[in-house]
Amino acid sequence: SPRRVGEMSKNNRRNNQDKLIKASITNSVNNSISISGNVSSLFLLTLGATPMHIGIMATLNQSFPFVKILGLKILPFLGRSRLCAWGRLLAFFPLLGLIMIAMSNRGGVNMVILAIALYAIRGFFVTCGNTSWQPLVQDSILQKETGVFLARMRIKLRAVDVVFPIMLGLYIGKNPTIFRFTPMFILAAAVTLAGSYFFACMVETPLQKEEKPLFSRIMHVLGKKPVQRYGIFSSCHSLVSTASVPLWVVFLKSCNMPASQIVWLGTVSALGSIIGIGRWGQESDRRGSRRVISLTMIPLAALSVFWILAPSGGKALFIWAFSLYIIHGFLGGGLELAKTRAMVQAVPEDCQAEGFVMSFYLQAIGGAVGGFLGGLAYNGLSQHGGTFMGLDQRQVYLAALQFLRLPVWMLSRGIADRYLLEEKGRGPMTSLNAEGPTNVAA
């Protein structure tokens, strides 16, 4: 049964924050192999996948939040921490299937489809458990410390993301066989069990009894303007990002970049994130999420110029990719932190689980559409093999999608934003939001 306390004391909060960070580290290692890193795309390409398969995989990755409706149904019976723990525990079994595919050392379309299905099942269980992830964070952290905690957690995560891909790249080599992925999936299965244990060690406050039907609670949340505004912005950003970023690996692979270098680019991106994450966290608490979103998204749109200047191969390609990934990591780390902070503030505390689920749902809709359309468009451009004004059409496509972040940024101007600003000579701190300033010295 869930380990519940009447009130979340300082000691309980500290214990939960420690476990949240440890669980996040295990999840970071797992995701680097199983979903978010370049390893999963390389594994599918090694099995014989096409750009369309990579697009389908990206669509599935973005569609996982739809299973959180099931998580909402289970949450009252298991509690917040146990739901996360069981999600990780059940995700162990599809990873065993991926181990068996790698050990078979056989490729082909059937193996590609089977691998995508196993990735999807793993994502199903983890995401269903993650229904209670954000409520656990909100339950364990004081609102005024949200940005600082997220920065502290992500600094440690990015440290893992720097070291781990280097080790993977050294191990994987230039042109890995299918069998060579076996130890990596074994490691992913092991850290999945560790993450389940950390979640099971947390405590939580009692869940509020919900007398309204689930559908009514969902409609109540969707009627909140802060949730609507955040959801529209997040959905559009996810569409643009998912339609392009997963295909970067396909482009680099088509330019004959060694697999080890492609994996190392994950380290480069994490290094860029580490450089600025502490400052982004402080800036978001002091100046607000909208400020950080502006400072990151406008330069991200300007990175479209990088794709026009992409070299065809050799050392110049790696230097170009290194620059792209480190800048994208620096800006993307700040953007994701600001988005997370904005989501926490947009969701009302009287309907935590439903609010976070709906926020992720709206984001998932954009991501699912973006992944499918992106894979379809890129696959067509790859088969056509034409040029536009002397440039590879795939470069033009990726440049155009990068620039589309600029109009998406305009949607962020209406999201809820509360922050602290100390004015010299004006006495106490001031809290500002969409309705204006209020004194929070008390």
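Everything that follows concerns the structure shown earlier in this document.
Residues numbered from 1 in each chain as written. Predicted model: local features only at pLDDT ≥ 70, side-chain atom pairs only at ≥ 80, totals over all residues. Heavy atoms only, no water.

Turning our eyes to something else, we now look at the overall build of the chain. Within the chain, the secondary structure is distributed over 19 helices and five strands. With 442 residues in all, the chain has 57% of them scored as buried. Taking the contacts inside the chain whose residues are at least 6 apart along the sequence as the reference set, 84% of them involve residues at least 24 apart. Of the accessible surface of the chain, which amounts to about 18900 Å², a share of 64% is contributed by carbon and sulfur atoms. (Helix = DSSP H or I, 4+ residues; strand = E, 2+ residues; numbered from the N terminus. Buried < 20%, exposed > 50% of the residue type's maximum accessible area, 1.4 Å probe, protein only. Contact = heavy atoms within 4.5 Å. Areas by Shrake-Rupley, 256 points an atom, 1.4 Å probe, with all protein chains shown as cover.)

Moving on, we come to a nonpolar patch on the surface. Taken together, the side chains of F66, L239, I365, V369, F372, L373 and L376 make up a nonpolar region of the molecular surface, amounting to roughly 570 Å² of accessible area. For the nonpolar patch, the leading source of residues is helix α17 (residues 352–384), giving five residues. Among the structural elements, F372 can be located in helix α17. (Patch = residues over 30% accessible without salt bridge, like charges linked within 9 Å, V, L, I, M, F, W, Y side chains within 5 Å. Salt bridge = Lys/Arg side-chain N within 4 Å of Asp/Glu carboxyl O.)

Two quantities define a packed helix pair, namely the angle between the axes and the distance from one axis to the other. Between helix α5 (residues 80–104) and helix α6 (residues 109–129), whose axes approach to 6 Å, the crossing angle comes to 165°. On the basis of the axis angle, α5 is roughly antiparallel to α6. Remark: the crossing between α5 and α6 carries left-handed chirality. On the side of α5, the interface is formed by L83, C84, G87, R88, L90, A91, P94, L95, G97, L98, I101 and S104, while α6 contributes M111, L114, A115, L118, Y119, I121, R122, F125, V126, C128 and G129. Across the contact of α5 with α6, the residue classes break down as 17 nonpolar, four polar and two charged. (Axes fitted to C-alpha atoms, helices over the stretch in contact; angles between N-to-C directions. Parallel < 35°, antiparallel > 145°, perpendicular 65-115°, else oblique. Left-handed = near helix turned anticlockwise from the far one by under 90°. Nonpolar A, V, L, I, M, F, W, Y, C, P; charged D, E, K, R; others polar.)

Interaxial distance between α5 and helix α9 (residues 182–200) falls to 8 Å at its minimum, and their mutual angle equals 170°. The pairing of α5 with α9 is recorded here as roughly antiparallel in orientation. Classifying every residue of the contact of α5 with α9 by side-chain character gives 17 nonpolar, five polar and two charged.

This part covers the nonpolar core. Core analysis: the largest hydrophobic core is formed by 82 residues, its most contacted members being F43, L44 and L252. By residue number, the principal contributor to this core is helix α16 (residues 314–346), which donates twelve residues. Excluding residues within four positions of it along the chain, F43 makes contact with L98, I101, A102, A115, Y119, I178, F181 and F185. Counting residues in hydrophobic clusters, the runner-up holds 19 residues, among them C84, V137, F198 and F199. (Core = buried A, V, L, I, M, F, W, Y, C linked by side-chain atoms within 4.5 Å.)

Before going further, it helps to spend a moment on helix α2 (residues 38–47). Extensive coverage of α2 is indicated by the burial of nine of its ten residues. Residue G48 follows α2 closely and has a positive phi angle near 115°.

On to the side chain of N16, then. Following the sequence through the fold, N16 ends up in helix α1 (residues 10–34). Taking relative accessible area as the criterion, N16 reaches 0% and is therefore assigned buried. Excluding residues that lie within four positions of it along the chain, N16 makes contacts with M8, S140, M202 and V203.

Take the environment of K156 next. Positionally, K156 belongs in helix α8 (residues 146–172). C-alpha separation for the pair K156 and I21, spaced 135 residues apart in sequence, amounts to 7.9 Å. Apart from the residues lying within four places of it in its own chain, the contact partners of K156 are I21 and I25.

This next bit is on helix α4 (residues 68–78). For an α-helix, the turn length of 3.6 residues means that residues three or four places apart are oriented alike. Looking at α4, one finds that the buried residues are K68, G71, L72 and L75. Buried residues of α4, viewed axially, fall in a sector of 105°; they line one side. Exposed and facing more than 90 degrees away from the buried side of α4 are K73 and F77. (Arc of directions from axis to C-beta.)

The tally for this structure, following the rule as stated, stands at four salt bridges. Residue E204 is joined to R80 by a salt bridge in which the shortest nitrogen-to-oxygen separation is 3.9 Å. One end of the pair, E204, is in the loop between α9 and α10 (214–222); the other, R80, is in helix α5, and 124 residues separate them in sequence. R80 matches E204 in its accessibility class, with the two residues each being buried. The partner of K339 in a salt bridge is E336, and the shortest N-O contact between them spans 4.0 Å. With K339 and E336 both in helix α16 and three residues apart, this pair spans about one turn of that helix. For K339, a relative accessible area of 4% gives the class buried.

These figures come from the coordinates and say nothing about function on their own.
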